[in-house]
Amino acid sequence: MTFIYPIETQDQRAIVACGIVFTILPTIVVGLRVLARRKANRRLDTSDYLIIASCFFIIVYQGVVISSVLIGGVGFHVDDIKNRFGVKSGSTIFLKHLIAIQVLWAVSLSLCRISIIHLFTKIFVVQSFVITARLTYALIILWAVAAILSAFLICQPFAFNWDKLIDGGTCGNAMVSWIVTGVLNLISDLAILIMPMPYLLGLELALPKRLVLAASFGIGILTCVISIIRIETMTTIDFGDVTWTIPHTVLFSALEPCIAVTLACIIILRPLFGGRYSPDGTVAFNGSSPEVLARKNSNRRFRQLNDNSSETRLRPEDVGYRASIAKSPEPFKGFGSMDVNLEMGSISIKQEWTVQEEPRPMTSTTQKENSHIR
């Protein structure tokens, strides 16, 4: 029969409470994301399915975290587990949980990040950005594979992760492995945070709007902060008393993917706050008073059509027109034959005419010249 540990310490209460909240919060936000897609008349795409998969693994992850407290003894000293509660295996059950925690952490985070990058490639359809995104895809996948393999290969044989009595068993330095994985995790967070910024700040929008957009995409800095705190807490773990010294690392590890999924969904919930959308998913704009939006040192000016959506629709204003005229080699077909072609930013004019030679009118001077020639 499985022994259930009492919840007595502050760390235990925090882990269980946060596990419940971190299960409910991403579920609600992902549900709102799906609702926003439907309201905007848009089908779910790859980024949505990836975020749904990430949310599923987060829910499983939080269940394992809560189980590590109730069944694994997190929050108690190993000696208390053995002597006070009579569980002679000590931290064995928790160390088994720890393998699942590492795998679920890597899978949920990697799925969330790939979802975010896929969404960005739909927004920033620039070749340089797409190339950068593909490289980041590869790095995230490699990071996830490395994190998962390290959980399974750090100790040989595998059971030596929790049973140190196995003869001939060996383990690598788990602390170094975790810190390296954590640092690479932080670098990937920073890369995703920085990727869209040059394109956002380079938009043909007024400076306040560009800053608001950059701030909206920049809320991912929260995951970077959590990642830094998580790395710092790992340095305090004592594997001799792991169940007592690991609660903070478990807590921040559980918090990181939850916040990542939440922030990944928030940036596309705009349809829930109003606006009209056509059946094909595009924004239906209403007329509004014109406002000239010009950037400093820019030779293009635009007039805003509407500002009731997160998507800004613009049209060129005060565009200089150029006309070019070329003589046609074809014969004249009639008076007033003209073809005008109007394009955005230029006017091309095609005009046809012919030159006919006519006799000079006879005057007294020309008559004298003709008689002289004769």
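Residues numbered from 1 in each chain as written. Predicted model: local features only at pLDDT ≥ 70, side-chain atom pairs only at ≥ 80, totals over all residues. Heavy atoms only, no water.

J.: Can you tell me about the side chain of Thr-136, naming the residues and giving the values?
T.: As for its position among the elements, Thr-136 is in helix α5 (residues 127–153). Of the residues examined, Thr-136 reaches a relative accessible area of 8% and is grouped as buried. A polar side-chain atom of Thr-136 sits 2.8 Å from the main-chain carbonyl oxygen of Thr-132. Apart from the residues lying within four places of it in its own chain, the contact partners of Thr-136 are Ile-117, Ile-192 and Met-195. (Helix = DSSP H or I, 4+ residues; strand = E, 2+ residues; numbered from the N terminus. Buried < 20%, exposed > 50% of the residue type's maximum accessible area, 1.4 Å probe, protein only. Polar contact = N/O pair within 3.5 Å; in protein donor to acceptor, adjacent residues only side chain to side chain. Contact = heavy atoms within 4.5 Å.)

J.: I'd like a rundown of the pattern of salt bridges, residues and numbers included.
T.: In this structure the tally under the stated criterion is six salt bridges. Note that Asp-189 and Arg-113 form a salt bridge whose closest N and O atoms lie 2.8 Å from each other. Of this pair, Asp-189 sits in helix α6 (residues 174–194) while Arg-113 sits in helix α4 (residues 92–123); the two residues are 76 residues apart in sequence, bridging distant segments of the chain. The burial state of Asp-189 is the same as that of Arg-113; both residues are buried. (Salt bridge = Lys/Arg side-chain N within 4 Å of Asp/Glu carboxyl O.)

J.: Can you lay out the confidence of the model for the chain for me, pointing to particular residues and giving the numbers?
T.: Looking at the chain as a whole, its pLDDT mean stands at 79, while 74% of the residues score no less than 70. Of all the helices and strands in the chain, strand β9 (residues 338–343) carries the lowest mean pLDDT, 35, while helix α2 (residues 46–70) carries the highest, 95. In this model residues 287–351 is a low-confidence stretch, pLDDT under 50, and it forms 100 contacts with partners more than four residues away in sequence or in other chains. (pLDDT = per-residue confidence, 0-100.)

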